[in-house]
Amino acid sequence: MSKKNKKKFGNGKPKKARNGHKEGEVKAKKHLGQHFLKDENIAKQIADTLSLNGYTNVLEIGPGMGVLTKYLLLKDLDLVAMDLDEESIVYLNHSFRLEHPKVLEKNDRLNVIEADFLKFDLKQLYGNEQFAITGNFPYNISSQIVFKMLELRQQIPEFSGMFQKEVAQRICEKPGSKTYGILSVLVQAFYKAEYVFTVHPQVFDPPPKVQSGVLRLTRRASIKLNCNEHLFFKVVKLAFNQRRKTIRNSLKTFDLSDNLKEDTIFDQRPEQLSVADFIALTQKIANDSV
């Protein structure tokens, strides 16, 4: 990340958060889906999921009070910590720096930005450079984070972090399972997906009502699909929107020829199809003449 961009997003002098808490007091906010990780060992394990092969830029989403941030800074990387919570921004800019001087002596390449990841234009930060994403993701927007990551797949070689366990498992699931779905197919078309480990509620403040899971995504050597990618996304989403139906019924809106609909692939349900099957299906639909 260029020095020009780093200066552009710098923050000013210490201030109190809007709700009146003193600097350094960060309280988890339900409407932001915040559950702060307390376990140092788990934070280190998440940081270690990144290989840093071929990139040094890392974007951490939802750093909270910096438990993961600290372990990321122990590595040779350029870190952007992005959070929508003003209290967290104040903490990271001031109290965090006072509490961890030795960490920042070794690596002060930390840029703290108050922003909504889903709305923020990451070209402002990275241009066309490669960058990884990690974090203890807010569970209420975790799927949206993954969809945005897929839009930026040309620039993101690695992605890791904490999800609600069932979401992490769904992303990594293989065909034939009831949890295999849209995210499974779209992510695995471009990334190798690995479920790394399960995390129990007690290591968070406040504890969530569900278990959590950490995953790692590694971009495939080739991410160019052998089909129309826009149509591929459309086919996958439409098929799983009516997952109990056969492909023949769920894709009725494509107005396919009778000849194509006789293909045996149309007898199956979407959870039975692999990524390669969906690519083949997309090719058949693209080549169909009614």
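Worth saying up front: this structure is predicted, and the values here are computed from it rather than measured.

## A short note on the pairing of strand 9 (residues 212-219)
Where strand 6 (residues 158-164) meets strand 9, seven bridges bridge the pair, whose relative direction is antiparallel. The residue bridging Gln164 from the neighbouring strand is Ser212, located in strand 9. Relative to strand 9, strand 7 (residues 191-199) runs antiparallel, the two sharing eight bridges. What sits directly across from Thr198, in strand 9, is Gly213.

## Structural notes on the packing of helix 10 (residues 182-190) against helix 11 (residues 229-241)
Packing of helix 10 against helix 11 brings their axes to within 9 Å, and their N-to-C directions diverge by 155°. In terms of axis orientation, helix 10 runs roughly antiparallel to helix 11. Helix 10 and helix 11 meet at a crossing whose hand is right-handed. In contact with Ile182, Val185, Leu186, Ala189 and Phe190 of helix 10, helix 11 contributes Glu229, Phe232, Phe233, Val236, Lys237, Phe240 and Asn241.

## Quick notes on helix 9 (residues 165-172)
Taken together, the buried positions of helix 9 are Val167, Ala168, Ile171 and Cys172. The buried side chains of helix 9 occupy one side of the element, clustering within an arc of 130° when seen end-on. Buried-residue contacts for helix 9 involve helix 8 (142-151), strand 6, helix 10, strand 7 and strand 9.

Each value, and the rule that gives it
- Residues numbered from 1 in each chain as written.
- Predicted model: local features only at pLDDT ≥ 70, side-chain atom pairs only at ≥ 80, totals over all residues.
- Heavy atoms only, no water.
- Pairing = 2+ DSSP bridges.
- Helix = DSSP H or I, 4+ residues; strand = E, 2+ residues; numbered from the N terminus.
- Axes fitted to C-alpha atoms, helices over the stretch in contact; angles between N-to-C directions.
- Parallel < 35°, antiparallel > 145°, perpendicular 65-115°, else oblique.
- Left-handed = near helix turned anticlockwise from the far one by under 90°.
- Contact = heavy atoms within 4.5 Å.
- Buried < 20%, exposed > 50% of the residue type's maximum accessible area, 1.4 Å probe, protein only.
- Arc of directions from axis to C-beta.

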